[in-house]
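Structural overview for review
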Amino acid sequence: MEVFSQLGIDWKLLIAQMVNIVILLALLYKFLYKPVLKALDDRQKMVTDSVHKADEIATRLKVTEKEQHDLLAKAREQAQEIVAQARDVAKAQTEEAVTRTRAEVENVVRQAKVHIEAEKQKMLADASSQLADVVVVATKKIMGEVADEKMERLLAQKAVDALKDVNV
Amino acid sequence: MHISIKAEPLFHIFGLPITNSLLVTWVVVVALVLASYFVTRRLTRIPGKAQNIIETFFELLLGLFDGVTGDRALTKKIFPLVATIFISVLAVNWTGLFPGVGTIGINEIGHEGTKLVPFLRAPSADLNFTLGLSLISVIMIQIWGIGALGIGKYSKKFISFKNPLSFFIGILELVSEFSKVISFSFRLFGNIFAGEVLLTVILSLTYYIVPVPFLMLELFVGLIQALVFSLLTAVFVTLARQEAHE
């Protein structure tokens, strides 16, 4: 067409220029867009990953701190419990020992009392029998031959009874 | 002073006219590919200076297209195309500002007297380049639109017999798809070609100091046109992936 050639449009040149542009696009895609866009994406991904990782680390740190804190609190509680238990046990043991000792002492005292009582009874019995003899001898000495056997016995018995009444 | 709207052929290979703008396109392609190769050859986790610059540039572009598409996944999908459009258009626009481009050449004696045939010409000051880029852009817009909606839903945007209004709107949509090619290619061509003409005129008037603000203006225009081309492509792709309004 006349107007096209007037404007310098030549289909051969037009196709040549289109081919040039397509070649430029293909080569720029290979050497420029693909590598640079990939580098940009990689960097963005790296940044996103780093931020995520940092968040994760912060969260984990918080959790760990809390765990540590809980653990410490629990340990402290347990320690206090153990100490309290030990104190209770010690107190109980002491009390038991004291009770036992007291019981033993009381036992010993009681036994000693019983023993003493028995001794005393025995001594009294001895004393009364000896006294009877003494009375008999004394009566004989005082009365001479006045009293007979029967009287002697009666007197002695009376003396012992009196003694018993006084003593008991 | 002779200003040619066409790119001038320098020689022919197998019937293909090698124009000065085609030559510059090749140079730009090779330069861009080599530069990318050397920059991305060693990418490290801790970026160096070059890597930092390229990464910042990428983040900027991704953010820019995210603002248009509103979806990082779609941005990544169209990124190779729109980034190539941005980078190549920026590069070819700025080649026209290099000293010697458009000024060094041979004088050819034709029917209308002598005319200068420059060895180098900014590719975006040649409709073959801008039209080629527009065609690629619009073809990809259709492909991505069909990919998102399916051929049935996508064609409903253009062919609808529901009511006369939607039929009419469908035809308008169809026309607008073709007008995209024209507007893309002529916008870029017009801006850059006009810039070259402006610089040629200024340079023919005076050589020192005065052209400097115009050069800076053309640097800016080159950047703006690269942004416009790539952003509009992103906008059209995003629109093409939306269903027709019922």
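Conventions used here
Residues numbered from 1 in each chain as written. Chains lettered and ligands numbered in written order. Predicted model: local features only at pLDDT ≥ 70, side-chain atom pairs only at ≥ 80, totals over all residues. Heavy atoms only, no water. Helix = DSSP H or I, 4+ residues; strand = E, 2+ residues; numbered from the N terminus. Rg over C-alpha atoms; globule rule 2.2 N^0.38 Å. Buried < 20%, exposed > 50% of the residue type's maximum accessible area, 1.4 Å probe, protein only. Areas by Shrake-Rupley, 256 points an atom, 1.4 Å probe, with all protein chains shown as cover. Lys, Arg positive; Asp, Glu negative; His and termini not counted. Charge placed at Lys NZ, Arg CZ, Asp CG, Glu CD. Contact = heavy atoms within 4.5 Å. Polar contact = N/O pair within 3.5 Å; in protein donor to acceptor, adjacent residues only side chain to side chain. 1 Å grid on protein atoms, 1.4 Å probe; cavity = no way out; pocket = protein on both sides within 12 Å on 5 of 7 lines; lining within 4 Å. Points joined across faces, edges and corners; volume = space filled by probe spheres on them. Nonpolar A, V, L, I, M, F, W, Y, C, P; charged D, E, K, R; others polar. Axes fitted to C-alpha atoms, helices over the stretch in contact; angles between N-to-C directions. Left-handed = near helix turned anticlockwise from the far one by under 90°. Expected span 1.5 Å × (residues − 1). Arc of directions from axis to C-beta. Core = buried A, V, L, I, M, F, W, Y, C linked by side-chain atoms within 4.5 Å. pLDDT = per-residue confidence, 0-100. Salt bridge = Lys/Arg side-chain N within 4 Å of Asp/Glu carboxyl O.

1. Here we look at the overall build of chain A
Of the regular secondary structure elements, chain A holds 3 helices and 0 strands. In chain A, the succession of α and β elements from N to C terminus is α-α-α. Its C-alpha atoms give chain A a radius of gyration of 64 Å, clearly above 15 Å, the size a compact globule of 168 residues would have. The buried share of chain A, reckoned over its 168 residues, is 16%. A total accessible area of about 13700 Å² is found for chain A, and carbon and sulfur atoms account for 62% of it. For chain A, the distance from the average position of its 26 positive side-chain charges to the average position of its 27 negative side-chain charges is 5 Å.

2. Some points on the environment of B:Gln142
Residues and elements named next belong to chain B. For Gln 142, the position within the fold is in helix H4 (residues 127–149). Exposure remark for Gln 142: the relative accessible area of 19% places this residue in the buried category. Here the alpha-carbon distance between Gln 142 and Ala 240, two residues 98 residues apart in the chain, equals 7.1 Å. Excluding anything up to four places from it in sequence, Gln 142 contacts Tyr 154, Phe 158 and Glu 177. Only 2.6 Å separates the side chain of Gln 142 from the side chain of Tyr 154, close enough to count as a polar contact.

3. With respect to empty space enclosed by the protein
Summed over the entire model, instances satisfying the criterion amount to 2 cavities of 30 Å³ or more. The volume enclosed by the largest cavity comes to roughly 60 Å³. Together, B:Asn93, B:Gly96, B:Leu97, B:Ile192, B:Gly195, B:Glu196, B:Leu199 and B:Glu218 line the largest cavity. Per element, the largest residue contribution to the lining of the largest cavity is 4 residues, and it comes from helix H6 (residues 164–205) of chain B. A breakdown of the residues in the lining of the largest cavity according to their chemical character gives 3 nonpolar, 3 polar and 2 charged. In this model, the second largest cavity occupies a volume close to 50 Å³. Looking at the second largest cavity, the residues that line it are A:Asn20, A:Ile21, A:Leu24, B:Thr25, B:Val28, B:Val29, B:Ser88, B:Val92 and B:Phe129. Elements represented by at least two residues in the lining of the second largest cavity include exactly helix H2 (11–143) of chain A together with helix H1 (20–40) and helix H3 (72–95) of chain B.

4. Looking at unusual backbone geometry
Residues and elements named next belong to chain B. With a phi close to 50 degrees, Phe 14 is a non-glycine residue in the positive phi region. As for its position among the elements, Phe 14 is in the loop between strand E1 (9–13) and strand E2 (16–19). With a phi angle near 60 degrees, Ile 209 is a residue other than glycine that sits in the positive phi range. Looking at the element boundaries, Ile 209 is found in the loop between H6 and helix H7 (211–240).

5. A few points about the packing of H4(B) against H6(B)
Each pair of packed helices can be summarised by the angle the axes make with each other and by the distance between the axes. Residues and elements named next belong to chain B. It is at 8 Å that the axes of H4 and H6 come closest, and there the two elements cross at 145 degrees. Considering only the axes of H4 and H6, their crossing is right-handed. Counted together, Leu 127, Thr 130, Leu 131, Ser 134, Leu 135, Ser 137, Val 138 and Gln 142 of H4 and Glu 177, Lys 180, Val 181, Phe 184, Ser 185, Phe 186, Leu 188 and Phe 189 of H6 form the full contact between these two elements. A breakdown of the residues in the contact of H4 with H6 according to their chemical character gives 9 nonpolar, 5 polar and 2 charged.

6. A look at helix H2 (residues 49–69) of chain B
Counted at 1.5 Å a residue, the expected span for H2(B) with its 21 residues is 30 Å, and the 30 Å between its end C-alpha atoms agrees. Every buried residue of H2(B) is listed here: B:Gln51, B:Ile54, B:Glu55, B:Phe58, B:Leu61, B:Leu62, B:Phe65, B:Asp66 and B:Thr69. With its buried residues spanning 140 degrees around the axis, H2(B) presents them on a single face. For H2(B), the exposed residues set more than 90 degrees away from the buried face come down to B:Lys49, B:Ile53, B:Leu60 and B:Gly67. The elements touched by buried residues of H2(B) are H2 of chain A together with H1, H3 and H7 of chain B.

7. Observations regarding the nonpolar core
Core analysis: the largest hydrophobic core is formed by 60 residues, its most contacted members being A:Leu32, A:Tyr33, B:Phe58, B:Ile78, B:Phe79 and B:Leu133. The set of elements that each furnish at least two residues to this core consists of H2 of chain A together with H1, H2, H3, H4, H6 and H7 of chain B. Counting residues per element, this core draws most heavily on H3(B), at 12 residues. Non-local contacts of A:Leu32, meaning those with residues more than four positions away in its chain, are made with A:Leu27, B:Ser36, B:Thr40, B:Ile54, B:Phe58 and B:Ile87.

8. Some details on the side chain of B:Ser160
Residue and element names in this part refer to chain B. Within the secondary structure, Ser 160 sits in the loop between helix H5 (151–156) and H6. In this structure the side chain of Ser 160 is engaged in a polar contact, spanning 3.0 Å, whose partner is the side chain of Ser 166. Discounting chain neighbours no more than four positions away, the residues touching Ser 160 are Ser 166 and Phe 167.

9. Overview of the confidence of the model for chain B
Detailed reading of the predicted coordinates is not advisable wherever pLDDT is low. Mean pLDDT over chain B: 88, with 98% of residues reaching 70 or higher. Of the two predicted TM-score estimates for the complex, the pTM is 0.72 and the ipTM is 0.86.

10. Notes on the pattern of salt bridges
Residues and elements named next belong to chain B. Within the structure shown, the criterion is met by 11 salt bridges over all chains. In this structure, Arg 121 engages Glu 8 in a salt bridge whose closest nitrogen and oxygen atoms are separated by 3.6 Å. With Arg 121 in the loop between strand E4 (113–118) and H4 and Glu 8 in the segment before E1, this pair connects stretches of sequence that are 113 residues apart. Summarising the burial analysis for this pair, Arg 121 and Glu 8 share the class buried.

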